[in-house]
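Listed below, chain by chain, are the residues.
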Amino acid sequence: MASFIETAGSVLLTVLSSVMVFGLVIFIHELGHFIAAKTGGITVNEFALGMGPTIFSFKKGGTRYALRLLPVGGFVSMEGEDEESDVQGSFSRASIGRRILVTIAGAVMNLLLGFLVLVGMVSSQEVIGTRTVAQFYEGASTQASGLQVGDTITAVNGRRCFIANDIIYEFARTQQGKADLTVLRNGEKVQLQGVQFDTYEQDGIRQLVIDFKILGEKKTVLGVLQEAANWTLSLGRMIVLSLSDLLTGRLPINTLSGPVGIVSAISEASHAGLEPLFMLLAMITINLGIFNLLPIPALDGGRLIFLLLEAVRGKPIQQKYEIFVNAVGFVLLIGLMLFATFNDITKLIR
């Protein structure tokens, strides 16, 4: 009986955490579109959280606000968004600048949410981590290769590092067991070629052993804001680099995760405590913001490309072409999601 109650409680915690994370991320995204549209005089027919049948709705100010059954998305339905409309207040009659603003507003709100979550997380830390080496573990290979206490790591393999997490991520991308480091030493930039690391195998991927600790510094208001901003930039860049690694084969395609994998990660984070859960929330919302701005049909980035082409040409692309391209993009995205979900289920079975 106790085991059953414990299992039920674990499942309930996972469900509540997943609904909270997905719901907040989606709500903030759609709220961005909604606010940009409303303040620009564009008529919003419906603001919905969730998909599928309507559970609850009410109408105010010409807009229907709805909560739908499936917590897997949401939408802002604007007049003239997907068809030509001469009605006053339609999306298609708004200025090109306003339409661009409405299109990117959802992603901007996701990035802002990620930044605010990270501000809270950095504020809760005792100190702010730096990129300066504080001490080495016994027998450290990096120390034997020339790295010294007091060195501030500014780049790994030529890629600039803004926060300590950038260093760790770049080390994780290093596959040869060694890395080229750029450090500040006594105020001077020093290049360290071929710094050697101990390695180990995990899930078929070669991992480096981080054999040193970094220095922490005292918190200040400006320091917290700067660290949170750098974290936001770091996570955004990490997402872009991960996509690049998948496309170039640097990472195996079976590492791609979909909704099932995200729920599994949320479950682990929620059981580990609030800090891992909030970090995952920041990663997911920044991920969504960056991914939505990619120039992929059926995403905000795809629509942005059409709007930019319209701005350059001085007239819009014929809508039938835009509808066709978005339909193809939507099918490809569904296929990608199904593949990622298959990967996730396979991992769970294993």
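Structure: see above.
Criteria and thresholds
- Here, residues in each chain are numbered from 1, in the same order as that chain's written sequence.
- With pLDDT at 70 or above as the cut-off, local features in this predicted model cover only qualifying residues; side-chain atom pairs require 80 or more to be listed or tallied, and sums for whole chains, interfaces and linings still use all residues.
- Excluded from the side-chain calculations are hydrogens and water; all other atoms, namely the structure's heavy atoms, are used.
- Helix and strand definitions here come from DSSP, where helices need a minimum of 4 consecutive H or I residues and strands a minimum of 2 consecutive E residues; each element is numbered from the N-terminal end.
- Here's how the labels work: a residue is buried when its accessible area is under 20% of the maximum for its type, exposed when over 50%, partly exposed in between, all with a 1.4 Å probe on protein chains only.
- Two aromatic rings from Phe, Tyr or Trp, using only the six-membered ring of Trp, form a pair when their centres are within 6.5 Å; if the ring planes differ by under 30 degrees the pair is stacked, by over 60 it is edge-to-face, and anything between is tilted.
- A fitted line through C-alpha atoms serves as each axis, taken over the contacting stretch for helices, and the angle formed by two N-to-C directions is quoted from 0 to 180°.
- For this classification, under 35 degrees means roughly parallel, over 145 means roughly antiparallel, 65 to 115 means roughly perpendicular, and everything else is oblique.
- Left-handed describes a crossing whose near helix is turned anticlockwise from the far helix by less than a right angle; the clockwise case is right-handed.
- A contact between two residues is defined here by any heavy atoms of the two lying within 4.5 Å.
- In this classification, the charged set is Asp, Glu, Lys and Arg, the nonpolar set is Ala, Val, Leu, Ile, Met, Phe, Trp, Tyr, Cys and Pro, and all remaining amino acids, among them Gly, are polar.
- In what follows, salt bridge is the name for a side-chain nitrogen of Lys or Arg lying within 4 Å of a carboxyl oxygen of Asp or Glu.

**As for unusual backbone geometry**
In terms of backbone geometry, most residues other than glycine have negative phi values and most peptide bonds are trans.
Stage number 1. A positive phi is found at Asn157, a non-glycine position, where the angle reads about 55°.
Stage number 2. Here Asn157 is to be found in the loop between β4 (152–156) and β5 (159–160).
Stage number 3. For Asn157, a relative accessible area of 40% puts it in the partly exposed group.
Stage number 4. In this model, Asn186 sits at a positive phi of 55°, which is unusual for a non-glycine residue.
Stage number 5. Tracing the backbone through its elements, the reader meets Asn186 in the loop between β6 (178–185) and β7 (188–196).
Stage number 6. According to the relative accessible area criterion, Asn186 is exposed, its value standing at 78%.

**So, the packing of aromatic side chains**
Stage number 1. Here the structure, examined in full by the defined rule, presents nine aromatic pairs.
Stage number 2. Judged by centre distance (5.0 Å) and plane angle (15°), the ring pair of Phe34 and Phe47 falls under stacked. Here Phe34, found in helix α1 (residues 2–39), pairs with Phe47, found in strand β1 (residues 44–60); they are 13 residues apart in sequence, far enough to count as distant.
Stage number 3. For Phe47, a relative accessible area of 10% puts it in the buried group.
Stage number 4. By the ring-pair criterion, three or more aromatic residues cluster together here, those being Phe27, Phe34, Phe47, Phe56, Phe58 and Tyr65.

**Focus on helix α4 (residues 164–173)**
Stage number 1. Taken across its ten residues, α4 has eight buried, putting it largely inside the fold.
Stage number 2. For α4, the complete set of buried residues consists of Ala164, Asn165, Asp166, Ile167, Tyr169, Glu170, Phe171 and Arg173.

**Notes on the environment of Gly32**
Stage number 1. One can find Gly32 in helix α1.
Stage number 2. Between the alpha carbons of Gly32 and Ile104 there is a distance of 8.3 Å; along the sequence they are 72 residues apart.

**Focus on the packing of α4 against helix α5 (residues 221–248)**
Stage number 1. It is at 10 Å that the axes of α4 and α5 come closest, and there the two elements cross at 10°. Taken together, the axes of α4 and α5 lie roughly parallel to each other. The crossing of α4 and α5 is right-handed. Of the residues in α5, those touching α4 at Asn165, Asp166, Tyr169, Glu170 and Arg173 are Trp231, Ser234, Arg237, Met238, Leu241, Ser242 and Asp245.
Stage number 2. Of the residues that constitute the contact of α4 with α5, the class distribution is four nonpolar, three polar and five charged.

**Quick word on the pattern of salt bridges**
Stage number 1. The full count for this structure, using the stated rule, is six salt bridges.
Stage number 2. We note a salt bridge from Glu310 to Arg99, for which the minimum N-O separation is 2.8 Å. Separated by 211 residues along the polypeptide, Glu310 in helix α8 (residues 300–313) and Arg99 in helix α2 (residues 96–124) bring together distant segments of the chain. Across this residue pair, the class does not change: Glu310 and Arg99 are buried.
Stage number 3. One salt bridge in this structure joins Asp151 and Arg185, with 2.7 Å as the shortest N-O distance. Of this pair, Asp151 sits in the loop between α3 (141–144) and β4 while Arg185 sits in strand β6, placing them 34 residues apart in sequence. Each member of the pair Asp151 and Arg185 is classed as buried.

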